[in-house]
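Tertiary structure, described
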Amino acid sequence: PPLLVVCDLERFEIHTNFTGTPKKVYAFTLQDLLKPDTLELLRNVFTNPDVLNPKHQRERITQDASAQIGDIALRLRDRGHDPDHVAQFMMQMVFALFAEDVALIPNKLVTRILEKTKDNPERAHVYIQQLFEAMATGGEILLEDVPYFNGGLFEQPDALPLEPADLDILYQAATLDWSEVEPAIFGTLFERSLDPSKRSQLGAHYTSREDILRIVQPVIIDPLRGEWQNVRESIEAYLASTLAPDSSALSPQKLRSELKKRDTQTLKPIVEYLEKLRNLRVLDPACGSGNFLYVALQQLKELEQDVLTFSQSIGLPQAPFISPKQFYGIEVNVFASALASMVVWIGYLQWNRANGYSNRQTPILDKLDNIKHHDALMNADGSEYNWPQAEFIIGNPPFLGDKKMRQELGDDYTIALRKLFKGRLPGQSDFVCYWFEKARALIEDGTTKRAGLISTNSIRGGANRKVLERIKDSGDIFMAWNDEPWVLDGAAVRVSIVGFDDAAQTAKNLDGTNVQRINSDLTSTIDVNAALKLNENANTAFQGPVKVGSFDISEEVAKNWLNFPNPSGHNNSDVLKPWTNGMDITRKPSNKWIIDFGLMTLEEAENYLLPLEYVRENIKPARDKNRDVQRKTFWWRLGRSGQDMKDELCKLQRFICTPRVSKHRLFVWLDAKTLPDSATVAIAVDDDFTFGVLHSSFHEYWALRQGTSLGKGNDPRYTPSTCFETFPFPTPTPDQHANVSKWAKYLDDVRNQLLAADDTLTMTKLYNKVVDLRETRDSSARAYPLLLAHEKLDAAVAAAYGWDWPLSEEDILERLLALNLERAAQQG
């Protein structure tokens, strides 16, 4: 039970035993029930027991402690002290407060020092310095013996001078119960409190212990606990078959004596299992402040406790052995790497204390050389950094898209990294993929058994998916969460969680459900990623040109310039075009235009006076600072001209356009004179039949599975190479072609009429209504004709394929994949 209440005539004790939390005892007397707080405590046992869950108290204490320490750190930095020195001093202070509250420092020594010196900063500085020196080597201060801590944390016991206001805050912090700090979140909150650039995140969400367990549990604990269960059951079966029925009454000593008379080989598995736990290693190659390592340590200590309890029950006494030395980390931030060591040690000492084990070893802290301050991917000379050997790799590597790598990491680093991993990862891979690849390689060569890492959900598609394909080629994915909410630096993001191994685990679990397989796109059904590009679809779908500057202008300005002459006699209409971006499609048209000089030379562009002057004044200054040589040199041109697209669109009167990212997969007609933005995909086709097939459920299902998702809203992203170029269009009869075209035109007409009738209605809002109508049909609803048009269109497209209708999504994907592979084989 989560609560146990025991009492005699005078005393009460409330023992907590909530899952995943350390046990806590509330003790009071009968006389204490006269106190309102004590009476409320007992009342909560029966009316609101969750209030007594230590988790809630621990989180409050951790947040309060981090905030107070952070205030002092900020004050010290504002006074000009070195940030690294401030961080080191505050970590020493934090550990001293923790050590006091777990009775490693006697008689509330730290609190007494702060209380007596609050108004005397010079005296406080002397005593705090003496305290740190005593903790570094062991010694005496104020007639109290301070044990030898060491561990590297006190190698440089250099206290900083504090002002009265600092000391007052520090004293208030000392009154908190630091033994109850929650290490799983303390590192993150402490880091935010010490780093001014992260202090805005203090009130933001953090990665919780429960979130971390979603990796630690299936990757590390479940296989080890399953193995232990087999060992235990085999020994219990042996004992049941060889010992007398009354053997349960034997003392452990006599039981052990009885066991020695029998086949001791049968007990060998438990000895080997204990040895395995003693020697296993866990690595977090992007450990940050150590929260993943702490949770892994805690869970392994719980497993160890189960093993020790059973061992002692059968007369094989064992001492605890799992220690922080078995937990390895790599962290590029020097402060975070030091903080990680402290977090792991606090968690270890907390666990020992909560489970009745002594923390009085000498020194109390071993120096943790196994948490390294280093770049996890490359050495300074550009060679690949070798990770420490470990059976398990877990963590939350940095999320950084391939486009932002140059901006955040620098050109030299990004180029060197991509060169180093050439042949293993595409150059367009996100930063996080490099951690996946290194873990995969270690599993392939047998160094590592299992890994569990987090990535943004974009790892499921495009160039990023190549690393998951490599994982499946050399091993397999045994666990995944396809698309989950997460918190990164206080911001909400969408992530994928992936557990992988050498294919030893046959059971698979996707999104909490047992499945037969997990594909490289983190689905469990038809793997449409096996589809190949079809020649028939080549050179048809294009991402719109990239502007790289404010080349878009208002319709009013554009029309004004269209009426102005040029000294050269050229007409500005040559370089002014209506412009459409994604929001013009999903919301309301902005009616903007764009200046597009195409591939003109500067001499040619000078024929258009007003447009060029606008670009010179508003765009050139930023382009002059652009690191891309082409964009800096040709400052009057768009960042990417899209000439290949323009060459195809100029042959048409109209073309099909879709937003690259949108909640619903929408296709619209645009006049061929319109220039689509990079946030759209232009399809150089002008017939209703193609429009109809693209707007059918057949293409929508295919695009959803072939594409990726983007942003907090997790909206689907459409990419020409995967969504369009692999899609097998039907080969209809003339009648089937005409029928699809008829319903496609009707769909577009109905949609345009609905939008024209309501100025507040956008395309997204309209399709929200269609989605609702699919759930609850209402033929009188205004959007019902559009739903009916889509249903008729789906039936017509199914007939064009020669397939019966209706079909399930999986049936559609299976048939489309077969058709794709058949056509790909025919094209050689």
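Throughout this description, residue numbers start from 1 for each chain and increase along the sequence as written. Owing to the predicted nature of the model, reporting of local features is limited to residues with pLDDT of at least 70; listing and counting of side-chain atom pairs is limited to 80 or more, with chain, interface and lining totals taken over all residues. To get the side-chain values, take all heavy atoms of the structure and skip hydrogens and water.

Attention now moves to the overall build of the protein. Secondary structure elements follow DSSP: runs of H or I no shorter than four residues count as helices, runs of E no shorter than two count as strands, and numbering proceeds from the N terminus. The secondary structure content of the protein amounts to 30 helices and 24 strands. Summarising its shape, the C-alpha atoms of the protein cover approximately 95 × 70 × 60 Å along the three principal directions. Categorising residues by exposure relies on relative accessible area from a 1.4 Å probe, with only protein chains included: less than 20% of the type maximum marks a residue as buried, more than 50% marks it as exposed, and the intermediate range marks it as partly exposed. Counting over 828 residues, the protein shows a buried share of 52%. For this analysis, residues touch if any pair of their heavy atoms sits within 4.5 Å. In the protein, the proportion of contacts linking residues at least 24 apart, taken out of those at least 6 apart, comes to 71%.

In this section: the sheet that holds strand β15 (residues 541-543). Strands were regarded as paired on the criterion that DSSP finds at least two bridges between them. With antiparallel pairing, four strands are arranged side by side in an open sheet as β15-β22-β19-β20. Strands with a single pairing partner mark the edges of an open sheet, and in this sheet they are β15 and β20 (668-671). Between one strand axis and the next, the sheet turns by 35° as a mean value, whatever way the strands run. Here strand β19 (residues 654-659) pairs with β20 via four bridges, running antiparallel. Within the sheet, the bridge partner assigned to F655 lies in β20 and is L670. Note on geometry: axes are lines fitted to C-alpha atoms, helical ones only across the stretch in contact, with angles between N-to-C directions running from 0 to 180 degrees.

Moving on, we get to a positive patch on the surface. Excluding any residue in a salt bridge, patches collect residues exceeding 30% relative accessible area, merging like charges within 9 Å and nonpolar Val, Leu, Ile, Met, Phe, Trp and Tyr side chains within 5 Å. Only the protein chains shown count as cover for residues, and all accessible areas are computed by the Shrake-Rupley method using a 1.4 Å probe. The term salt bridge refers to a side-chain nitrogen of Lys or Arg lying within 4 Å of a carboxyl oxygen of Asp or Glu. Counted charges follow a simple rule, with Lys and Arg positive, Asp and Glu negative, and His plus the chain ends left uncounted. Charge placement uses NZ in Lys and CZ in Arg. For Asp and Glu, CG and CD serve respectively. A grouping of K588, K765, K769 and R782 is seen on the molecular surface, where their side chains present a positively charged patch. Turning to its location among the elements, K769 is positioned in helix α28 (residues 763-775). The class for K769 is partly exposed, based on a relative accessible area of 42%.

Let's shift gears to empty space enclosed by the protein. Cavity: a set of points on a 1 Å grid over the protein atoms alone where a 1.4 Å probe fits but cannot get out. Pocket: an open set with protein on both sides within 12 Å along at least five of seven lines, its lining residues, like those of a cavity, having an atom within 4 Å of a point. Grid points are joined across faces, edges and corners, and a volume is the space filled by probe spheres set on the points. Inspection of the entire model under this criterion finds one cavity of 30 Å³ or more. In this structure, the largest cavity spans a volume of roughly 30 Å³. Among the elements of the structure, α15 (433-444), α16 (465-474) and β12 (491-501) are those that each provide at least two residues to the lining of the largest cavity. Ten residues, namely Ala, Val, Leu, Ile, Met, Phe, Trp, Tyr, Cys and Pro, are considered nonpolar, four, namely Asp, Glu, Lys and Arg, are considered charged, and the remaining ones, Gly among them, are considered polar. A per-class count over the lining of the largest cavity returns three nonpolar, two polar and three charged.

Attention shifts here to the nonpolar core. For our purposes a nonpolar core is just a set of buried Ala, Val, Leu, Ile, Met, Phe, Trp, Tyr and Cys residues, chained together by side-chain atoms within 4.5 Å. Counting residues in hydrophobic clusters, the biggest one holds 154 residues, and the most contacted among them are F95, F149 and W178. Residue contributions to this core peak at 13 residues, all from helix α8 (residues 209-242). Not counting chain neighbours up to four residues away, the residues in contact with W178 comprise A65, I69, V94, L97, F98, D101, A173, F186 and Q350. Counting residues in hydrophobic clusters, the runner-up holds 85 residues, among them A531, W593, L670 and W702.

Looking now at α15. Taking 1.5 Å of rise per residue, 12 residues should cover 16 Å, and α15 covers 16 Å from first to last C-alpha, within 8% of that figure. Of all the residues in α15, the buried ones are C433, Y434, W435, F436, E437, K438, A439, R440, L442 and I443. Positive backbone phi, approximately 90°, marks G446, located one or two places after α15. What a helix should span is 1.5 Å times the count of its residues minus one.

The next subject is the state of the cysteines. Any two cysteine sulfur atoms lying within 2.5 Å of each other are counted as a disulfide. Applying the stated criterion across every chain, the model contains zero disulfides. Here C433 stays unpaired: no disulfide links it, and the sulfur of C723, its closest cysteine neighbor, is 18 Å away.

Here we come to the pairing of strand β10 (residues 450-456). The buried fraction of β10 is high, at seven of seven residues. Bridge count between strand β9 (residues 392-395) and β10: four bridges; the pairing is parallel. Counted as the bridge partner of I393 is A451 from β10.

To continue, consider the side chain of R751. Within the fold, R751 resides in helix α27 (residues 734-757). Ignoring any residue separated from it by four or fewer positions in sequence, one finds R751 in contact with F667, V668, F691, H695, M763, L766, Y767 and L786.

Side chains F12, I14 and T16 of strand β2 (residues 11-16) all project onto a buried face; the interleaved residues R11, E13 and H15 project onto a face where none is buried. Here strand β1 (residues 3-7) runs beside β2; their pairing, made up of five bridges, is antiparallel. For L4, the partnering residue across the bridge sits in β2 and is H15. Remark: three residues form the turn of the hairpin made by β1 and β2, two consecutive strands paired antiparallel. Summarising the sheet, β2 and strand β3 (residues 25-29) pair through five bridges and their orientation is antiparallel. Bridge pairing in β3 places I14 opposite Y26.

Cis geometry marks the peptide bond from W805 to P806, where omega comes out at 10°. Backbone geometry places A503, a non-glycine residue, at a positive phi of 80°.

Another aspect to go through is a nonpolar patch on the surface. On the surface, F564, L609 and L610 cluster together into a nonpolar patch covering about 250 Å² of accessible area. Tracing the backbone shows L609 in helix α20 (residues 609-618). Using a relative accessible area of 44% as the deciding quantity, one classes L609 as partly exposed.

A few words now on the packing of helix α3 (residues 83-101) against helix α12 (residues 334-354). Helix packing geometry: the angle between the two helix axes and the distance between the axes. It is at 11 Å that the axes of α3 and α12 come closest, and there the two elements cross at 0°. The angle between α3 and α12 falls in the class roughly parallel. Between α3 and α12, the contacting residues are D84, A87, M91, V94, F95, F98 and D101 on the first element and V334, F335, A338, L339, M342, I346, L349, Q350 and R353 on the second. Should an angle fall under 35 degrees it is called roughly parallel, over 145 degrees roughly antiparallel, and 65 to 115 degrees roughly perpendicular, with every other angle called oblique.

Before going further, it helps to spend a moment on the sheet that holds β2. Spatially, β1-β2-β3 is the arrangement adopted by the three strands of the open sheet, whose pairing is antiparallel. Among the strands making up the open sheet, the edge pair consists of β1 and β3. Recorded for the sheet is a direction-independent mean angle of 15° between the axes of neighbouring strands. Across the sheet, helix α1 (residues 36-47) touches β1, β2 and β3, and the angle it forms with β3 is around 125°.

Inspection of every chain in the model, using the stated rule, returns 48 salt bridges. Across the pair E144 and R112 runs a salt bridge, and its minimum N-O distance is 3.1 Å. Of the two residues, E144 sits in strand β5 (residues 144-146) while R112 sits in helix α4 (residues 109-116), which places them 32 residues apart along the sequence. Judged by relative accessible area, E144 falls into the buried class, the value being 14%. Owing to a relative accessible area of 30%, R112 belongs among the partly exposed residues under this scheme. What emerges from the salt-bridge pattern is a single network uniting E384, R424, E437, K438, R440, E444 and R470.

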